[in-house]
Each structure stands twice: as structure tokens, then as C-alpha cells.
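# Residue-level structural notes
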Protein chains: 2
Amino acid sequence: MQFPSHSRASTEMRESMDAYGISPALQEQFTRCSSFHTVTAPGLFIGVFMVDYALELLGARHGEKLYAVAETYKCIPDPIQVMAGCTFGNHRLQVVPIGKFALTMNRPSEKYAIEGVRVYVNAEKLKKFRIINAWYTHSPGFDSGTMIYPLIDEILKAGRDILSYQRVIVRVPPKSSWKSVKCNDCGEMVPDIALEGDHCKGCGSQSYYEVLS
Amino acid sequence: MQFPSHSRASTEMRESMDAYGISPALQEQFTRCSSFHTVTAPGLFIGVFMVDYALELLGARHGEKLYAVAETYKCIPDPIQVMAGCTFGNHRLQVVPIGKFALTMNRPSEKYAIEGVRVYVNAEKLKKFRIINAWYTHSPGFDSGTMIYPLIDEILKAGRDILSYQRVIVRVPPKSSWKSVKCNDCGEMVPDIALEGDHCKGCGSQSYYEVLS
């Protein structure tokens, strides 16, 4: 679901942000995240508030090396990557596809577990926000044709009021050692720990394409 | 593995890029991707060349809506996100963890499959590049203490010369419909399609934290 981006909407949104007391620094994060995400989406906006909250709860310093888990692929990975520097490619973001609008952030650890903070959308708190609740619960009462602007506005107004947090112990996955081997089918190199029998996962269970030329 | 970022190294790298004929536009992509990735890594640099090649092979217009698959979590997801706008949060990037330094990009499709392009590091071509080959194959002959600068330099010099591509047919995963339900254990809302029996995956197979408070 996308928020149509035209100048009237952008100006109104900026005015709403000012009216709801959203700081210029956080407004800048909304802009950066929307640009990365390529569209302005309601879930992205909630995600920006979530990451901002988690960073504050951790007492994180600017540019500090952190790790994150997103509990859904929907929107949340993007503000985590842009605002906290935990990206997929630098191995500091993991998605655990539980289907919840929730994230966990923690500092590095040499041990098997470390304290972190989990921020999530609280279904009870959401009941006070009629439009967000209808959208979030995928209710037939939510009409994306007419309610997208009021939805964004209610999200900006609610800010952290729909969120809760928990202090948690996050398990740290162990690292694996590997050596490079050739797949017997396609002939490409893969880590031995990624093999399925004598062939790679691309020739096996993870096959997702057929070669044309 | 990271490339130490200090001014001498940055200046030398920029001079090497000029000497190897890397365009100012592509140099700008190296800067943007390194900034997002938070560090300058050899795999990231190869990834920038790969995404640039894939976009050219597709004849992609600036800002065009594309979809991508990365065949590893290592580095490659980041240049795909930054350069092609296919992010995790906007559902246009998928990682299929095959363990290969390869990516596939394609246009949107209403059907079950669409033609795309797959760009990959070609192990045969790599043999001409001694340092990259030693690093890429995880050889004990690669010493990260002394060979990181020469490695980056060889990557910049090689450019596309270590890459190959295939025209492929990519399968498009179907979308699922869902409704919001409450997990019987934690009480949080999840899509019904993400349940395991009467509880969510966070209370089941995907559990990754314990609550402190």
C-alpha cells in the first residue's frame, strides 16, 4: 500500500509532523527512509517510530555498531537499515518471518546471548486508533481508496502511543567455517556448508530460475 | 572483512578508479553503497559492478520498478537495494541463500514467470586474478593482514572481467491472502497464514529471544 506522493500531500504531511511535535531530526529520517523504500508507506512510518524508540531505549550512540532482528519482511527492514546501519549485506540485520510488526535490537556479543530491546505494535493500544487498527488488522472496514491520508495522519499523531517494548535476551547464532567447492551440476563455486548432497541449493531445493542462454 | 577507511586509502582508491576508467557516476555508486553498508568491503565492490551490469543488460530506466534475487546474504543485497531500489521492506528483493555470489533481476509480471538476467562471478574467469581468486575461494593463501589493499585494487581493475551473465526465466511467487488473528500464547496479532497450530512462530519454531521485563 502506497501513499501518493505529490506536493500538496508532502506539504500537509510536513505540517502535521510539526503540529504533532515530531522533531526536525526525526522528520529527516522519514524523508531518508521513504527515499530508500522508494514509496511512502504507512508501515514504513510506524517502523521509523519503532527504530527511533529502540535506539533511545538502548541508549545507542550515533554510528554505534548494533544488530537487529525484524519479525516481518513488511516495511520494517528498511528503517532498520537506513537509521541503524544494520543492513542485510553487512550481516547485522536478520529477518525472522514470524509475521509480527516487531523488531529487536542489541549490541555485539562474544557470547551466545545478549540483552536487547524488543519494540512491537501493541494490539491493545491500537484499539484507541480506529483507522490504524482497521488497516493493521486487515479489516474489510479499511478502504484504501479513501482512508490512506487519514491513516498516515493518525500514524503521525499516534507516534509511540501504539508501541510497547520488552527487555529481552537475544540468542546470538554461532558462525560456521567453510571451504569453497564446485557444484557437480552447474559447476559454480559454493561454500561446502551450503551443499545439498553433491550439488548446490540452486540446483536443488532453492531452484528459482531456468536458463535461457 | 573490511577495508580500513582513512584519507590516504580513499584518495588512492579514487585515483585507481580514474586510472581503470570507472565513470564518475559509478564512483558515486561505490560511495553511496559503502556509506549504506557502513564499511567498504571487497564483496560490496564486486556487487556494485554486478548490479551496474545487470541494470545495463536489462536496459533499465532510472527509477524503474524492478525485482531482484540475491543468492547470498553476503554484501550483494546492499548494492541491489541502494542502486536498484529493490529493498527488503518494499518486497522487491528476496534472498535465496544458495551461497553463490550471484543475483537475478527482472521486471514486474502479472504471470507466473518472466524473463530476467542473472549475473554471477565466474570461477573460470577468476583464475586470471590471483588475489581475488585466493580471497573468493577462502584459500589459506589469502592473508587479510597484508592483501586487503591489493585485493580492492585488483577488484577495481577487473571490473566486469570476472563476471558472466545468463538470460533466465524467473518464477514469480504467488501472493497469499490472510486475516489477522491472536496468538494463544503471547497474545500478539499475527496473520493466520503465519500460525503454527494455535500459536505464532515466535512462540514456536522461530523463537529467538526470552523476555526479561
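The structure presented is a predicted model; accordingly, all values stated were derived computationally and were not measured.

### Some thoughts on the overall build of chain A
- In terms of regular secondary structure, chain A is built from seven helices and ten strands.
- Taken across its 213 residues, chain A has 51% of its residues classed as buried.
- Here the analysis covers contacts within chain A between residues at least 6 apart in sequence; of these, 64% occur between residues at least 24 apart.
- About 10,200 Å² of surface is accessible on chain A, with carbon and sulfur atoms providing 50% of the total.

### A short note on the packing of aromatic side chains
- Counting across every chain of the model gives 16 aromatic pairs over all chains.
- Ring geometry for F88 of chain A versus F88 of chain B: centroids 3.3 Å apart, planes at 15°, classification stacked. Of the two residues, F88 of chain A is situated in the loop between α4 (77-84) and β2 (93-95) and F88 of chain B in the loop between α4 (77-84) and β2 (93-95); the pairing between them involves two chains.
- Taking the relative accessible area as the measure of exposure, F88 of chain A reaches 2% and is therefore buried.
- Ring geometry for F30 of chain B versus F49 of chain B: centroids 5.2 Å apart, planes at 70°, classification edge-to-face. Within this pair, whereas F30 of chain B is found in helix α2 (residues 24-37), its partner F49 of chain B is found in helix α3 (residues 42-58), the two being separated by 19 residues in sequence. Here the two residues F30 of chain B and F49 of chain B agree in accessibility, since each one is buried.
- Put simply, the rings of Y73 and F88 of chain A together with Y73 and F88 of chain B touch in pairs and so form one group of aromatic residues.

### A closer look at the interface of chain A and chain B
- Listed per partner, the contact involves 59 residues of chain A and 59 residues of chain B.
- Carbon and sulfur atoms make up 56% of the area that chain A and chain B hide from each other, which totals about 5,400 Å².
- With its nearest N and O atoms 2.8 Å apart, the salt bridge here joins R118 of chain A to E188 of chain B.
- The tally of links from chain A across to chain B stands at 33 residue pairs in polar contact (both at pLDDT 80 or more).
- Where the side of chain A that touches chain B is concerned, the elements lending two or more residues are α2 (24-37), α4, β4 (113-121), α5 (123-126), β5 (163-171), β6 (180-182), β7 (189-191) and β10 (209-211) of chain A.
- At six residues, the largest contribution of residues to the side of chain A that touches chain B is made by β5 of chain A.
- Looking at side-chain class alone, the side of chain A that touches chain B contains 27 nonpolar, 18 polar and 14 charged residues.
- With three bridges joining them, β10 of chain A and strand β5 (residues 163-171) of chain B adopt antiparallel strand pairing. What sits directly across from Y209 of chain A, in β5 of chain B, is V170 of chain B.

### Re the confidence of the model for chain A
- Summing up the model confidence of chain A, the mean pLDDT is 91 and the portion of residues at 70 or higher is 96%.
- Averaged over each element, pLDDT in chain A is lowest for helix α1 (residues 7-19) of chain A (81) and highest for α4 of chain A (98).

### What about the packing of α2 of chain B against α4 of chain B?
Residues and elements named next belong to chain B.
- The N-to-C vectors of α2 and α4 enclose an angle of 120°; their axes lie 9 Å apart at closest approach. Viewed along their axes, α2 and α4 adopt a mutual orientation that is oblique. Between α2 and α4 lies a crossing whose hand is right-handed. Residues L26, Q29, R32, C33, F36 and H37 of α2 pack against D78, P79, Q81, V82 and M83 of α4.
- Taken together, the residues that form the contact of α2 with α4 break down as six nonpolar, three polar and two charged.

Calculation rules
- Residues numbered from 1 in each chain as written.
- Chains lettered and ligands numbered in written order.
- Predicted model: local features only at pLDDT ≥ 70, side-chain atom pairs only at ≥ 80, totals over all residues.
- Heavy atoms only, no water.
- Helix = DSSP H or I, 4+ residues; strand = E, 2+ residues; numbered from the N terminus.
- Buried < 20%, exposed > 50% of the residue type's maximum accessible area, 1.4 Å probe, protein only.
- Contact = heavy atoms within 4.5 Å.
- Areas by Shrake-Rupley, 256 points an atom, 1.4 Å probe, with all protein chains shown as cover.
- Phe/Tyr/Trp six-rings, centres within 6.5 Å; stacked < 30°, edge-to-face > 60°.
- Buried area = accessible area lost by both parts, 1.4 Å probe.
- Salt bridge = Lys/Arg side-chain N within 4 Å of Asp/Glu carboxyl O.
- Polar contact = N/O pair within 3.5 Å; in protein donor to acceptor, adjacent residues only side chain to side chain.
- Nonpolar A, V, L, I, M, F, W, Y, C, P; charged D, E, K, R; others polar.
- Pairing = 2+ DSSP bridges.
- pLDDT = per-residue confidence, 0-100.
- Axes fitted to C-alpha atoms, helices over the stretch in contact; angles between N-to-C directions.
- Parallel < 35°, antiparallel > 145°, perpendicular 65-115°, else oblique.
- Left-handed = near helix turned anticlockwise from the far one by under 90°.

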